Amino acid sequence: PYGSVFNIGSNRSYSIEEIVNIVKDCYGYDQVDIRIDPNRLRPYDVEVLQCNSQKIQEATGWKPTVDINDGIQRTVRWYKENKRWPWEDMIPEV
């Protein structure tokens, strides 16, 4: 529908640790040290975000087909091949 907002995702939440471990594996690292800086935590931060894509599924029949592992692997492979994100070309050099 015109003017509607659709959330697109897997209907599942992932921890930072899960995401980092997938990226770590893509780069072949044995271990990555994750440190939480308590000074950066804010008292009202949302701890869990999870996309509900029911609205777009009902409107279009769309369903996620790429799991998080494959999506991150594809993204890392693309970055290794291209070495720049597309938006970096839009940032003027200083």
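Structure: above.
Remember, it's a predicted structure, so these values are computed and weren't measured experimentally.

1. Observations concerning the packing of aromatic side chains
Point 1. What the rule picks out here adds up to one aromatic pair.
Point 2. Here Tyr27 and Tyr29 contribute two aromatic rings whose centre-to-centre distance is 6.1 Å and whose plane-to-plane angle is 15°, an arrangement assigned as stacked.
Point 3. You can call Tyr27 partly exposed: its relative accessible area is 34%.
Point 4. For the cation-ring pair, Lys55 lies above Phe6, with the distance from its terminal atom to the ring centre recorded as 5.4 Å.

2. As for unusual backbone geometry
Peptide bonds are, in most cases, trans, and in most cases residues other than glycine have a negative phi.
Point 1. In this model, Asn11 sits at a positive phi of 65°, which is unusual for a non-glycine residue.
Point 2. Here Asn11 lies in the segment before helix H1 (16–27).
Point 3. Its relative accessible area of 31% is what places Asn11 among the partly exposed residues.

3. Notes on the packing of H1 against helix H3 (residues 68–82)
Point 1. In contact at an axis separation of 10 Å, H1 and H3 are set at 50° when each is read in the N-to-C sense. Judged by the angle between their axes, H1 and H3 are oblique. As for how H1 packs across H3, the hand of that crossing is right-handed. For the pair H1 and H3, contact is made by Ile19, Ile22, Val23, Cys26 and Tyr27 and by Ile68, Asn69, Ile72, Gln73, Val76, Tyr79 and Lys80, respectively.
Point 2. Grouping the constituent residues of the contact of H1 with H3 by class yields nine nonpolar, two polar and one charged.

4. What to know about H3
Point 1. The terminal C-alpha atoms of H3 lie 21 Å apart, and with 15 residues this matches the ideal 21 Å at 1.5 Å per residue to within 8%.
Point 2. Looking at where H3 begins, the residue whose side-chain oxygen comes 3.1 Å from the main-chain nitrogen of Asn69 is Asp67.
Point 3. One or two residues past the end of H3 sits Lys83, with phi positive at roughly 65°.

5. Here's the deal with a nonpolar patch on the surface
Point 1. Side chains of Tyr27, Tyr29, Val32 and Ile34 sit close together on the surface and give an oily, nonpolar patch of about 350 Å² of accessible area.
Point 2. Within the element layout of this structure, Val32 appears in the loop between H1 and helix H2 (54–60).
Point 3. Judged by its relative accessible area of 33%, Val32 is partly exposed.

Rules of the game
- Residues numbered from 1 in each chain as written.
- Predicted model: local features only at pLDDT ≥ 70, side-chain atom pairs only at ≥ 80, totals over all residues.
- Heavy atoms only, no water.
- Phe/Tyr/Trp six-rings, centres within 6.5 Å; stacked < 30°, edge-to-face > 60°.
- Buried < 20%, exposed > 50% of the residue type's maximum accessible area, 1.4 Å probe, protein only.
- Lys NZ or Arg CZ within 6 Å of the ring centre and 35° of its normal.
- Helix = DSSP H or I, 4+ residues; strand = E, 2+ residues; numbered from the N terminus.
- Axes fitted to C-alpha atoms, helices over the stretch in contact; angles between N-to-C directions.
- Parallel < 35°, antiparallel > 145°, perpendicular 65-115°, else oblique.
- Left-handed = near helix turned anticlockwise from the far one by under 90°.
- Contact = heavy atoms within 4.5 Å.
- Nonpolar A, V, L, I, M, F, W, Y, C, P; charged D, E, K, R; others polar.
- Expected span 1.5 Å × (residues − 1).
- Polar contact = N/O pair within 3.5 Å; in protein donor to acceptor, adjacent residues only side chain to side chain.
- Patch = residues over 30% accessible without salt bridge, like charges linked within 9 Å, V, L, I, M, F, W, Y side chains within 5 Å.
- Areas by Shrake-Rupley, 256 points an atom, 1.4 Å probe, with all protein chains shown as cover.
- Salt bridge = Lys/Arg side-chain N within 4 Å of Asp/Glu carboxyl O.

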